[in-house]
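This is what each chain is made of:
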Amino acid sequence: MVDHVEIRVAAPKAPATPLEAPVVITLPAPGPGATDDLSGLTVGVEEEFLLVDPDTGYPVPAAADVLADLRVGPWTGQAEFFPTQVETATGVCTELACLGDELTGARRAVREAAVAHGVLPMASGVPVVDGPPPPRSDKARFAAIHERFTAVLEDYQACGCHVHVGVPDPDTAAAVVNHLAPWLPTLLALSVNSPVRSGRDRRHESLRLLDQARFPGAGLPPYFASGADHDEQIARLVDCGVIVDNRMTFWLARRSAHLPTVEVRVADTVQHPWEAVLQAALTRALVRVALDELDRGREGPRLDPQLGAASLWSAARHGIGAAIDPVAGVATTARARIDALLRLTAPALRETGDWAFTRAAVDRLLTKGTGASRQRAALRRGTLIAEVTGVGITGSG
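Residues numbered from 1 in each chain as written. Predicted model: local features only at pLDDT ≥ 70, side-chain atom pairs only at ≥ 80, totals over all residues. Heavy atoms only, no water.

## Let's talk about the overall build of the protein
This is how the line gets drawn: Think of it this way: any DSSP run of H or I at least four residues long counts as a helix, any run of E at least two long counts as a strand, and we number them from the N terminus. Summary of the burial criterion: residues with accessible area below 20% of their type's maximum are buried, those above 50% are exposed, and those between are partly exposed, where the area comes from a 1.4 Å probe applied to protein chains only. Only heavy atoms matter for contacts: two residues are in contact if any of them lie within 4.5 Å across the pair. Where accessible areas are quoted, they stem from the Shrake-Rupley method and a 1.4 Å probe; at the residue level, only the protein chains shown are allowed to cover.
Helix and strand counts for the protein stand at 13 helices and 13 strands. When burial is assessed residue by residue, the protein has 57% of its 397 residues classed as buried. Across the protein, the fraction of contacts at a sequence separation of at least 24, relative to all contacts at a separation of at least 6, is 76%. Accessible surface, the protein as shown: approximately 15900 Å² in total, 53% of it carbon and sulfur.

Next comes the structure, spelled out in structure tokens:
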């Protein structure tokens, strides 16, 4: 296990504006707060990437070839709904240093395999330019999903960043999700990275969230009385015919169907590994806060569904601009919500030694801009494809 990993945030090679010096963020090892109980400590990240033509940016159905040649490490790779996409998954980590190392290694491995087949991985929530309609997968489950959702899936090539945090049991997982729900729009605001489609700025920070909203049950999760209630609500959706099985809920936080984790799926695929590490750090800290609150007998808030949906839409529209507090039900700013999030999670972040990194990473996003603002700047420069296919790897172009 390494003591730290340095992630360099490099500027594009040939921008129209002066180059910024690369930013180096060191991810610290955990502090003395770790215990033998790994609840709220273990963390892993899944990232989805498009495979695109390096000249046109069009998505290319090369997933099978890329995955066949993918160099694996602690990370793994797998196919997604369309053969234009691949997903990587880190191993189980307890340190941000481990996580940052694995995310960087996985991205480098995907890029190496993609280049060998004449394509590049794109780190964006949606394709930035249109290509031919993607071919359907020949897997039986994916075919059933396509038949169920038809037109909703014709151009659905959205890519997200999913964070898993270990929890002890299903009841705890459901109760933790209740605590997480008010903060999901804020996590989205920090990750927004899909403002461009068809080569045009669509004036939304996360088009991916708008795409996902077309599915039944998408968005913030409902309130769960227990782990059994969580499963019953999913079973009801399956019985009603709007999802095919318990693995495909569209809630942005849920108990994992196959792992002993809470899974948070709100973030766009981000441009740089350190941004994915930030999502993991904040998500894990929120889970730790929730576990502490539950130990004190405090349940999560019951959100008004309309305010919850509005707060999520506002984050997708404005990113780190305007925001809605879904608990208080008032208009506010994303910066106010981010400040509140940091105040809430600071003790948990300090326990795991993650405070310095998290504070530095958030400050960088607030001062230098999110992935959405970087995409817009690159679009103006004419370097958008290079911006989103570098996947944040130093020296990758």
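## A short note on the packing of aromatic side chains
Between two aromatic rings, the relevant description is the distance of the centres plus the angle of the planes. Our working definition: Under the pairing criterion, centres of Phe, Tyr and Trp rings, with the six-membered ring standing for Trp, must be within 6.5 Å; the plane angle then separates stacked pairs below 30 degrees from edge-to-face pairs above 60, leaving the rest tilted.
For the structure on display, the rule yields seven aromatic pairs. For the ring pair Phe215 and Phe250, a centre distance of 4.4 Å and an interplane angle of 25° mean the geometry is stacked. On the criterion of sequence distance, the pair formed by Phe215 in the loop between α6 (207–212) and α7 (227–239) and Phe250 in the loop between α7 and β10 (253–255) is long-range, its members being 35 residues apart. Across the pair, exposure class does not vary: Phe215 and Phe250 are buried alike. Cluster of aromatic residues (ring-pair linked, three or more members): Phe149, Tyr156, Phe215 and Phe250.

## Focus on the pattern of salt bridges
The line we're drawing: Any Lys or Arg side-chain nitrogen located within 4 Å of an Asp or Glu carboxyl oxygen qualifies as a salt bridge.
Inspection of every chain in the model, using the stated rule, returns 19 salt bridges. Where Arg254 meets Glu263, a salt bridge forms, and the shortest distance between an N and an O atom there is 3.0 Å. The residues Arg254 and Glu263 share a single accessibility class, namely buried.

## Quick word on the state of the cysteines
Which entries qualify depends on this criterion: By definition, disulfides here are pairs of cysteine sulfur atoms that lie within 2.5 Å.
Applying the stated criterion across every chain yields a total of one disulfide. Across the disulfide from Cys93 sits Cys98; the S-S distance is 2.4 Å. In this structure, the disulfide formed by Cys93 and Cys98 twists by about -55° around the S-S bond and is classed as left-handed. Comparing Cys93 with Cys98, the two get one shared label, buried.

## Thoughts on helix α12 (residues 371–381)
Among all positions of α12, only Gly371, Ala372, Arg374, Gln375, Arg376, Ala377 and Ala378 are buried. Contacts made by the buried residues of α12 are with β8 (196–197), β9 (200–201), α8 (273–295), α11 (355–368) and α13 (384–389). Looking one or two places after α12, you find Gly382, whose phi comes out positive at around 85°.

## Here we look at the environment of Arg141
If you trace the backbone, Arg141 turns up in helix α3 (residues 140–149). The partly exposed category is assigned to Arg141, whose relative accessible area is 23%. Sequence-wise, Arg141 and Phe81 are 60 residues apart; in three dimensions their C-alpha atoms are separated by 9.5 Å. Those residues in contact with Arg141 that sit more than four places away from it in its chain are Asp245, Arg247 and Met248.

## As for the pairing of strand β13 (residues 330–333)
For the record, the criterion: Only strands that DSSP links by at least two bridges are regarded as paired with each other.
In the sheet, strand β12 (residues 322–325) pairs with β13 via four bridges, with the strands oriented antiparallel. Following the sheet pairing, Ala323 is matched in β13 by Thr332.

## A look at the layout of surface pockets
Definition in use: Cavity: a set of points on a 1 Å grid over the protein atoms alone where a 1.4 Å probe fits but cannot get out. Pocket: an open set with protein on both sides within 12 Å along at least five of seven lines, its lining residues, like those of a cavity, having an atom within 4 Å of a point. Grid points are joined across faces, edges and corners, and a volume is the space filled by probe spheres set on the points. Under this grouping Gly is polar, as are all residues other than the nonpolar Ala, Val, Leu, Ile, Met, Phe, Trp, Tyr, Cys and Pro and the charged Asp, Glu, Lys and Arg.
In this structure, the largest pocket occupies an estimated 920 Å³ of space. What lines the largest pocket is a set of 33 residues, and nearest its centre among them are Glu48, Glu80, Arg141, Arg247 and Arg265. Of all elements in the fold, only β3 (43–52), β4 (76–79), β5 (85–89), α3, β7 (160–166), α6 and β11 (261–268) reach the threshold of two or more residues within the lining of the largest pocket. Residue classes in the lining of the largest pocket are distributed as 13 nonpolar, nine polar and eleven charged.

## Notes on empty space enclosed by the protein
Using the criterion set out here, one finds one cavity of 30 Å³ or more in the structure. Considering the residues around the largest cavity, the lining is formed by Pro185, Thr186, Ala189, Ser311, Ala315, Gly319, Ala322, Ala323, Ile324, Ala334 and Arg337. Looking at the lining of the largest cavity, the elements with two or more residues in it are α5 (184–191), α9 (305–318), β12 and α10 (334–351). Among the residues making up the lining of the largest cavity, the classes are represented as seven nonpolar, three polar and one charged.

## Examining the packing of α5 against α8
For clarity, the threshold we go by: Angular values range over 0 to 180 degrees, each being the angle between N-to-C directions of two axes fitted as lines to C-alpha atoms, with helices fitted over their stretch in contact. Roughly parallel means an angle under 35 degrees; roughly antiparallel, over 145; roughly perpendicular, 65 to 115; everything else is oblique.
Packing of α5 against α8 leaves a shortest axis separation of 11 Å and a crossing angle of 170°. Regarding the angle of α5 to α8, the classification is roughly antiparallel. Residues Leu187, Leu190 and Ser191 of α5 form the contact with α8, whose participating residues are Gln279, Leu282, Thr283 and Leu286. In terms of residue class, the contact of α5 with α8 is built from four nonpolar, three polar and no charged.

## Considerations on the environment of Gly308
Considering the arrangement of structural elements, one finds Gly308 in helix α9. C-alpha of Gly308 to C-alpha of Ile324: the two residues are 16 residues apart in sequence and 8.7 Å apart in space. Setting aside anything within four residues of it in sequence, one finds Gly308 in contact with Leu220 and Pro326.

## Some remarks on the confidence of the model for the protein
Stated formally: A residue's pLDDT is simply how confident the predictor is in it, with values from 0 to 100.
Here the protein averages 89 in pLDDT, while 90% of its residues score no lower than 70. Confidence drops under a pLDDT of 50 for residues 1–35, and excluding neighbours within four residues, the segment shows 81 contacts in the predicted structure.

## Focus on the pairing of β4
Looking at chain direction, β4 and β5 are connected through four bridges and run antiparallel. Each residue of the ladder has a partner; that of Thr76, found in β5, is Ala89. The loop that links β4 with its antiparallel partner β5 comprises five residues.

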